[in-house]
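Observations on the model geometry
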Amino acid sequence: MWRAILHRILHALLVLLVVSLITFGLIMTAPGGPSILLDPDLTPADLARLRQDLGLDQPAPVQYLKWVGNAVYGDLGRSLVQKRKVAEMIGERVPATTVLAGAGLVLTLLVGIPLGVVAATRPGSLVDRVATIACGVGMAIPGFWFGIMLIILFAVWLRLLPSAGMYTPGLSGTPADLLRHLVMPTLVLATFSLPQVTLFTRASLIETLRQDFVRTALATGLDRRRILYRHALRNSLIPVLTIIGLLVPRLVGGAVITETVFAWPGMGRLSADAAFGRDYPLIMGITLVMSVVVIVSNLLTDIAYTVVDPRIRLE
Amino acid sequence: MTTGRTDEREERMHAYEVTRRGFLRSAAAAGAATSFASLWAGPVEAQQPRRGGTLRMPINADPVLNPILTMGIQSTTICKVLYSGLTRPDPVTLEPRPDLAKSWQVSQDGLAWTFTLRENVKWHDGKPFTAEDVKWTLETRATAKGAWRGPRAVKAVESVGPHVVRIHLSQPFAPLAVLMGFTQYIGPKHLLDGKEQAEFVEFNKKNPIGTGPFKIKEFVTGQHVTLAANPDYFLGPPYLDSFVFKVVPDVNVQVAQLKTGELDFALIEPQNIAAVKGAPGLKLDVADYVNHYYIAFQIKNPLFADPRVRLAMIYALDRQAIVDKVLLGYGTVATGTISPALGWAYNPNLKPLPFDPQKALALLAEAGWKPGSGGVLSKDGKPFKFTLSVDKGNPAREQAATIAQQFYKKLGMDVTLETMEWATFASKRWLAREYDAMYMWWITSPDPDQLDYYGTGGPNNHTHYSNAEVDKVLLEAQQTTDRERRRQLYHRYQELQMGDPPLATLYYPKEIRAMNAKLVVPQVGYRDALTHTEAWYYTA
């Protein structure tokens, strides 16, 4: 297995290189330039000097190779807009994103899997139908709109929760304050991930429950609950793990809208700012970090497969 | 969002008859029960300032708090509170008033400005402020990477004594005093000298030191910047205890936070008014600010070279309809490019050109454009065809551009609307000067000087407008420091624009602020009001 993991890491490095090349290519071909150059008060001479200072005057391949050369040593460069080290800027956003994505994932798993199981064991029942419809609605709701609605309901009307941010200024650091700020963004984040986990669990479990080994087990008179949880559920988890493996990167990096609506100081908002400001080094850095998250998440998923189903091995 | 609210509209129309200074007068007059003031802001004069309180206002993104650098609106907003300039704009007329400088004189030839500095000013770290700080700041602006450049006319800065600074110019430049109070905030030499400004994170992002009425207390990345009252502020301690700038990027969320009491002051768009109006504990307030919105026509394009065509482009537009529909009345139709917020320079005798499609057609006919087959205007067999570009994502601007397109289509022009995301729009159209027509605006300093914008070859003259008499008038107005002479020249400039418009100015928008009902803020645009935060207060 360690051999396999080593092999995966080498493979991952190649993937990172390709991803960075594609990202760089996309950035270079995107119209518009870095926002700091879009200043009507800059004379052509100022602009030329600025481009030179930032290394933007060099041919694209040279810029890319320089970036790779520095990235290998862990130097992701400096933000064009904020002038700070990219690694430092990403680093300080990681805790906020981890807290939010973690809360979203926990909610998704704690509610999604049991709900899927209940729905699957009673297909066609009221619970099943309500859950299925709710999941459809959840996936269809735009996060932006849902976020604003929650704010109007819980913050403006009911005055139960703070409308946005991570901490109340002055109360920074208290867990109770953090929890109150966490409720709504977590709900919005889970609104897209929870239905997927529920529906996948449901479909997969229904499929498994129809299989011969379940029928055999039932025929031998084993306890229904035991069959369900010991045998059927475990066998149904492979596709669920797959979807969770795909959801994790989306929870971490895909929370752009949630983080913007709720003024959450995480990586999603940083990447939105980077994109609008055409902050090339920052875009590259965030993409790189996100690629690592995807790769690690895939690797963990694969390892989880072997735990759930011993027949699967890492090759 | 734009449901009919006749009562509110009438109220507003009444309100707009009251000019800014008229407003102050009427607010000051006893028993002005039905005035603008009582409808919107409450009777200001009757309320006593209270010491203390926190003011929370939103910013869109993380700031960089170095006064030397140009780092986006969120940074300048806070720098205006943390730092001081040599001057600052008057909270009513916007004319330059003493700030770090207590007085200034201009030499006979207009080439040397001597600023006498206050002697009781201390940096937030307790060190004395001196002429060396001013000299260092202005010199560093000219050379540092990423610096906000000073006026081009500044040639050299001389520290004449510990509290006297002389600025030498390459040519006379009347706006100097205004600009010194608009963007040219002074930084501490003893902390910044010798540093790479853009990379000095310890100062820029953690512990900025200024001379303003509030000093840094806490900087939480991605969350908020808290400033605390500076008890040693040179004009005496401010009323408020603290200022919190919260990062809240979404305007809908800003509105929600106003309603929940999590914010005390925010600029809002006309379409947010319905959500805020009548909310308990909040009031709406409007101010004029120095901004003009326009549709620019590329004069290099032969289509728009003839001034009669540009005049026709104005007559063809029902600009009042745009103000009513898009701004919900929160603006006034423009006469030219000088905003009435610059009271002394604005020419009150001019009336905006009326909406008159017949007149527009007549002018176009004079210029050779006649209705051809299908009513399309054409000249020498070519149709009147152009693209109108606007940036994407701001509903009001897209809507206004669409309305303009409709008016031009009605006249028989073939108009294509093009929307582009801001960064693309700015680089490919605006700054590249490659457009036929473009919906844009200029927010300028509180000085009427527009030589850079509408003078021949000016760095911001993206339409390539050129009028020899305008050049002459603008140059003289830029160089003379005689206020009365300047006034006459700018009045003349505005008259010239009526006959040879550089572009189709649309309107002067109002700044709409929603705020805590007990908050009292100078009645000028927030950019300028923020240079007077020591005087912001809550009523008892």
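Rules used throughout
- Residues numbered from 1 in each chain as written.
- Chains lettered and ligands numbered in written order.
- Predicted model: local features only at pLDDT ≥ 70, side-chain atom pairs only at ≥ 80, totals over all residues.
- Heavy atoms only, no water.
- Contact = heavy atoms within 4.5 Å.
- Buried area = accessible area lost by both parts, 1.4 Å probe.
- Salt bridge = Lys/Arg side-chain N within 4 Å of Asp/Glu carboxyl O.
- Pairing = 2+ DSSP bridges.
- Helix = DSSP H or I, 4+ residues; strand = E, 2+ residues; numbered from the N terminus.
- Axes fitted to C-alpha atoms, helices over the stretch in contact; angles between N-to-C directions.
- Core = buried A, V, L, I, M, F, W, Y, C linked by side-chain atoms within 4.5 Å.
- Buried < 20%, exposed > 50% of the residue type's maximum accessible area, 1.4 Å probe, protein only.
- pLDDT = per-residue confidence, 0-100.

**A few points about the interface of chain B and chain A**
- In this assembly, 45 residues from chain B lie in contact with 43 residues from chain A.
- Of the roughly 3400 Å² buried at the junction of chain B and chain A (both faces included), carbon and sulfur atoms supply 57%.
- Broken down residue by residue, the surface that chain B buries against chain A is led by Gln223(B), Val253(B) and Thr260(B), which jointly contribute 13%.
- At the junction of chain B and chain A, the tally comes to three salt bridges.

**Section: the sheet that holds strand β2 (residues 54-59) of chain B**
All names here are of chain B.
- Read from one edge of the open sheet, four strands run β2-β11-β10-β9, paired in mixed fashion. Unpaired on one side and paired on the other, β2 and β9 (214-220) mark the two borders of the sheet. Each strand of the sheet is rotated relative to its neighbour by a mean of 20°, with strand direction disregarded.
- Looking at chain direction, β2 and strand β11 (residues 242-247) are connected through six bridges and run parallel. Note that in β11 the partner of Arg-56 across the bridge is Val-244.

**What to know about the sheet that holds strand β16 (residues 370-371) of chain B**
Residues and elements named next belong to chain B.
- One open sheet accounts for three strands, arranged β16-β17-β18; its pairing is antiparallel. Either end of the sheet is taken by a strand with one partner, and the two such strands are β16 and β18 (382-383).
- Relative to strand β17 (residues 377-379), β16 runs antiparallel, the two sharing two bridges. Residue pairing for β17: Pro-371 is matched across the bridge by Leu-377.

**So, the nonpolar core**
- In this structure, Ile295(B), Phe384(B), Phe386(B) and Tyr408(B) are the most contacted members of the largest nonpolar core, which totals 142 residues.
- Setting aside its immediate chain neighbours within four residues, Phe386(B) contacts Leu303(B), Phe304(B), Met313(B), Tyr408(B), Met413(B), Asp414(B), Val415(B), Thr416(B), Asp436(B) and Ala437(B).
- One finds Phe24(A), Val252(A), Tyr280(A) and Met290(A) within the second-largest nonpolar core, a separate group that totals 45 residues.

**Side note on the pattern of salt bridges**
- One pass over the structure, following the stated rule, counts 32 salt bridges over all chains.
- Between Asp309(A) and Arg311(A) there is a salt bridge, with its nearest N and O atoms 3.0 Å apart.
- Given a relative accessible area of 67%, Arg311(A) falls into the exposed group.
- Taking the shortest distance from any N to any O, the salt bridge between Glu469(B) and Arg492(B) comes out at 3.1 Å. Of the two residues, Glu469(B) sits in helix α17 (residues 468-479) while Arg492(B) sits in helix α18 (residues 483-499), which places them 23 residues apart along the sequence.
- Assessed through its relative accessible area of 35%, Glu469(B) is described here as partly exposed.

**As for the confidence of the model for chain B**
Residues and elements named next belong to chain B.
- Taken as a whole, chain B shows an average pLDDT of 89; of its residues, 91% reach a score of 70 or greater.
- Confidence, expressed as mean pLDDT per element, reaches its minimum in chain B at helix α1 (residues 6-17) with 30 and its maximum at strand β6 (residues 112-117) with 98.
- Quick note on the complex model: pTM equals 0.87, ipTM equals 0.84.

**Here's the deal with unusual backbone geometry**
All names here are of chain A.
- With phi around 65°, Lys-83 is a residue other than glycine that occupies positive phi space.
- On the secondary structure map, Lys-83 appears in the loop between α3 (60-72) and α4 (86-121).
- Classification of Lys-83 by relative accessible area gives buried; the value is 14%.
- For Arg-159, which is not a glycine, the phi torsion comes out positive at approximately 55°.
- For Arg-159, the location among the structural elements is in the loop between α6 (143-157) and α7 (175-209).

**Some words on the pairing of strand β13 (residues 282-288) of chain B**
Residue and element names in this part refer to chain B.
- The element β13 is extensively covered by neighbouring structure, given that seven of its seven residues are classed as buried.
- Pairing of β13 with strand β22 (residues 504-516) involves seven bridges; the strand directions are antiparallel. Counted as the bridge partner of Val-286 is Ile-512 from β22.

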